[in-house]
Structure formats: structure tokens, C-alpha cells
Amino acid sequence: MQRKIWINGDYINWEDAQVHILSHSHQRGSLIFGFIPIFENDGVISLFRLNDHVDRLFTSCETAGIPLEYSPQDIQLAIKDTVRKNPGSKFVKISVYIASIEIDVVPQDPFSTVAIAAYEPMEDIASKNTQPFHSSKELSVWLEKEKHQRRHDIIPPQVKIAGNYTSSMMAKWQARKNGYDEIILTDEEGYITEAPTSNVFIVSNDNVLLTAPEEDVLYGITRKSVIEIAKDENIEVKLERVLTSKLDNIREIFLTSSSHIICPVIRLDNKQIGNGKIGNLTSRLSKRFLKITNGFDKNFNFWLDNI
Ligand SMILES: Cc1ncc(COP(=O)(O)O)c(C=O)c1O
């Protein structure tokens, strides 16, 4: 399938969608991005919580000071059109970047380019790389206590900007070499924050769902959805900081993201969580989420934005 990527209003062939090696975003990490799941039910294609994803993109740009020439409505229409042009896509990646060739950290030509790609990650990317793609449905996780991804005094955690992923890349790369699938990051005070590209939920021994408050993590759209589903299911949710030392006494951990929705953690630092299988609450929330993305849940059908 010849994929077409929308770049500032034009459709460019996948292999021609390139930036210069000396572009500001490439050299300084000033790329803002978004990643939206696509679901198909009986031939109807929908984007998951499109409004929320586009809002977050604009918040990231505004906080980072990256100018954006388009309105949220322009971007939503362009996303839908790109999905129509790329049948079989499972995700949309939106990139807002400074393509100009720059010398200084402050760009002389601070105009941003917007690129929208709709694709099937396994088919269009993973299968074309030489090494197998690492993937696991049940995670063995390393608790990273040194490389702090989220520091309010550096880049606010709510900004989805490339430069914000460097320390988590270093930590996760090392963890992979040590045989783990994933890492969970902590802040400077020893509280659990999030994983490199997902939010973290903990089920306490009294069956309360705990997750870090919004100011400490990226505003995950899946996180927000899990909180709303839990409330609908009368599951108690607390947005609170959890110390790593409290992890000895918990029932379940799971990660949430647009890529995997809900992913159970079954081992942490090589110690089994619960009975080493997907926990009851994790399983219940996953099933409800699946019902929603399959288009069978009246309460949350409005999360699916048909194209
Ligand atoms: C740092 C970080 N936290 C959490 C998430 C999960 O967010 P969402 O559920 O919107 O995909 C992501 C997604 O890429 C992320 O990069």
C-alpha cells in the first residue's frame, strides 16, 4: 500500500516525507507529536477521542512555545482526510516540527510544519526493519529510580515533545538489555510517575485504583478514559502520589496508552505481582474498554469519532 503523508496540506509519498539533517527539530528535539488509535467496526472507521488528542497537541505547542498556523478544526479535518486516504491504518501520528536549518537553540525561522501520517505500525514499520520488534502482552518491568523523566523544573510533563523522551529512552534501553520489557519512572522524591510512553495505575490491597495526579504526568487520553470507566463501574479512584516503598503491598499494576490501551504488569524488579497473572480489576477494565472500542457501549460511544 502506497501510504500518503499529509504535510502542510499536500500529500507526499511515505518515502519522500523527509526533513533535513540540520533541521531544528532533529537537532534540538523540538518536535511535538500526537498518536491516535483508529478502530474499525463493521466497516465504520473511527478515531478515538479525536477532540482530546488535538486539544493536547495544541496545549503542548502552546506550553513549549511552538507556533502553529492551523486551528484545531483544520487539524481534525486533515486527520480524518489522511485516514480516508490510507486504508487499513490503525494509528495516526501527528508531528509539529521546525523544519528550518538552524544554528542556535532559538530558531531564526520559527515556522512549524505539520505532518499527519496514518499507518499500520507492524506492516508499515516493524516488518520493514531488520531486527524483530520487541513486544509483550504481559510485562516484566524495571522500576527506574535514577533517570527521572518528569521534572517540572525542566520540561513540564504535560508537553509531548521529543526532547522529553531522552532520559526514558536511556533507562528503557538499559532495562531491555537487562531482560525487562518496560520501565516505570519515578520522580526526584521517589514517587511513581509514569512509563516512557504510558501512564501507570496501581490497584491497592483495598481495591482502590491509584494513579499519579495530572500535574506529575502526561495527560494520557487512555488514563483519562480508564478513570471515567472506573467511575462508571463504581470503582474507587484516587489521584495520588505513590511512593515506590508502598509497592510491596499492592494487588495489581497496569499501564495505559493509545498503543496498547491496558497492559498488565506481572513482574516488577523480578518480583511477581499478585498471582503473576492479569488481575481482576485490570481484566474488568480491559473488557469494558474493548466493548467501547468495539462500538457496543452506549455510555461511551461518543468517544468514537467516525470519519
Ligand atoms: C510520557 C507519556 N505518558 C503517557 C502516555 C499515554 O498517553 P495516551 O494514553 O494519550 O496515549 C504517553 C503516550 O505516548 C506518553 O508519551
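None of the values given here were measured: they were computed from a predicted structure.

Cut-offs applied
Numbers given for residues are sequential positions, taken from 1 along each chain in its written order. Confidence filtering applies because this is a predicted model: local features only for residues at pLDDT of at least 70, side-chain atom pairs given and counted only at 80 or more, and all residues used for totals across whole chains, interfaces and linings. Each helix corresponds to a stretch of at least 4 residues labelled H or I by DSSP, and each strand to a stretch of at least 2 residues labelled E; elements are numbered beginning at the N terminus. We take the radius of gyration over the C-alpha atoms and set the globule estimate at 2.2 Å times the residue count to the 0.38 power. Note on burial: count the other C-beta atoms lying within 10 Å of the residue's C-beta; 20 or more is buried, 12 or fewer is exposed, in between is partly exposed, and C-beta positions come from the backbone. Here is the check we use: build the C-beta atom from the backbone, and if it is within 6 Å of the molecule or strand, call the residue near. All residues other than Ala, Val, Leu, Ile, Met, Phe, Trp, Tyr, Cys, Pro, Asp, Glu, Lys and Arg, Gly among them, are scored as polar; the first ten of these are nonpolar and the last four charged. By definition here, a helix of n residues has an expected span of 1.5 Å times n minus one. Each axis is a line fitted through C-alpha atoms, taken for helices only over the stretch in contact, and angles between the N-to-C directions span 0 to 180 degrees. Oblique is the label for any angle not covered by the other classes, which are roughly parallel (under 35 degrees), roughly antiparallel (over 145) and roughly perpendicular (65 to 115). Residues are scored as being in contact if the C-beta atoms we place from backbone atoms lie within 7 Å. Taken from the helix axis, the directions to the C-beta atoms give the arc we talk about. Note that the domain bounds reflect an automated or database-derived domain assignment. Strand pairing is defined by DSSP finding a minimum of two bridges between the two strands.

1. Focus on the overall build of the chain
Okay, step 1: When helices and strands are tallied, the chain shows seven helices and 16 strands.
Okay, step 2: Taking 2.2 N^0.38 as the reference for a compact globule, 307 residues should give roughly 19 Å; the C-alpha atoms of the chain span a radius of gyration of 20 Å, in line with that estimate.
Okay, step 3: With respect to the principal axes defined by its C-alpha atoms, the chain has extents near 55 × 45 × 35 Å.
Okay, step 4: Of all 307 residues assigned to the chain, the portion counted as buried reaches 38%.

2. A few points about the site of the ligand
Okay, step 1: Neighbouring the ligand are 14 residues; L218, G220, I221, T222 and S258 lie closest to it.
Okay, step 2: For the shell around the ligand, the elements supplying multiple residues, two or more each, are β10 (198-204), α6 (221-232) and β13 (250-257).
Okay, step 3: Examining the composition of the shell around the ligand, we find that three residues originate from one element, α6, more than from any other.
Okay, step 4: Grouping the amino acids of the shell around the ligand by side-chain chemistry returns three nonpolar, eight polar and three charged.

3. What to know about α6
Okay, step 1: The end-to-end C-alpha distance of α6 is 17 Å, a good match for the 16 Å that twelve residues give at a rise of 1.5 Å each.
Okay, step 2: Turning to α6, its buried residues number three or more, namely I221, T222, R223, S225, V226, I229 and A230.
Okay, step 3: One or two residues past the end of α6 sits N234, with phi positive at roughly 60°.

4. Some words on the packing of α6 against helix α7 (residues 280-293)
Okay, step 1: Two numbers describe how α6 lies on α7: the axes approach to 10 Å, and their chain directions differ by 105°. Accordingly, the angle class assigned to the pair α6 and α7 is roughly perpendicular. Each of V226, I229 and A230 in α6 lies in contact with α7, whose residues at this interface are L285, R288 and F289.

5. So, helix α5 (residues 166-177)
Okay, step 1: Taking 1.5 Å per residue as the helical rise, α5 with its twelve residues ought to reach 16 Å, and the 17 Å between its terminal C-alpha atoms agrees with that figure.
Okay, step 2: Taken residue by residue, α5 has S168, A171, K172 and A175 as its buried positions. Around the axis of α5, the buried residues are gathered within 95° of arc, so they sit on the same side. For α5, exposure combined with an orientation more than 90 degrees from the buried face picks out T166, M169, W173 and K177.
Okay, step 3: Where α5 is buried, its residues meet β7 (139-144) and β8 (182-185).

6. Details of the domain arrangement of the chain
Okay, step 1: Taken domain by domain, the chain holds domain 1 (4-127) and domain 2 (139-302).
Okay, step 2: For domain 1 and domain 2, the distance between their C-alpha centres works out to 25 Å.
Okay, step 3: Going through the elements one at a time, β3 (32-41) and α2 (50-64) are the ones with two or more residues in the side of domain 1 that touches domain 2.
Okay, step 4: Here the side of domain 1 that touches domain 2 takes eight residues from β3, the largest share from any one element.

7. Examining the pairing of β8
Consecutive side chains along a regular strand alternate between the two faces of the sheet.
Okay, step 1: The two faces of β8 match: E182 and I184 on one face and I183 and L185 on the other face are all buried.
Okay, step 2: Examined bridge by bridge, β7 and β8 share four bridges and lie parallel to one another. Residue pairing in the sheet places L143 in a bridge with I184 of β8.

8. What about the sheet that holds strand β2 (residues 10-13)?
Okay, step 1: The antiparallel open sheet is built from seven strands, whose spatial order is β2-β1-β6-β5-β3-β4-β16. Each of the sheet's edge strands pairs with one partner strand only, and the pair in question is β2 and β16 (304-306). When strand polarity is set aside, the average angle formed by the axes of neighbouring strands in this sheet is 30°.
Okay, step 2: Pairing analysis gives six bridges linking β3 to strand β5 (residues 91-98), with the strands arranged antiparallel. Within β5, the position partnered with P37 by the bridge is F91.
Okay, step 3: Contacts from α2 reach β3, β4 (44-48), β5 and β16 within the one sheet, and its direction differs from that of β3 by about 175°.

9. Side note on the environment of N207
Okay, step 1: The residue N207 is located in the loop between β10 and β11 (209-211) in this model.
Okay, step 2: Distance from N207 to N280, taken between C-alpha atoms, is 9.8 Å for residues 73 residues apart in sequence.

10. Topic: the environment of F111
Okay, step 1: Relative to the assigned elements, F111 resides in the loop between β5 and β6 (112-119).
Okay, step 2: Accessibility expressed as a C-beta count within 10 Å gives 12 for F111, which makes it exposed.
Okay, step 3: In this structure, the C-alpha to C-alpha distance between F111 and V96, residues 15 residues apart in sequence, is 9.9 Å.
Okay, step 4: If we ignore the near neighbours within four places in the chain, the residues touching F111 are P67 and S100.

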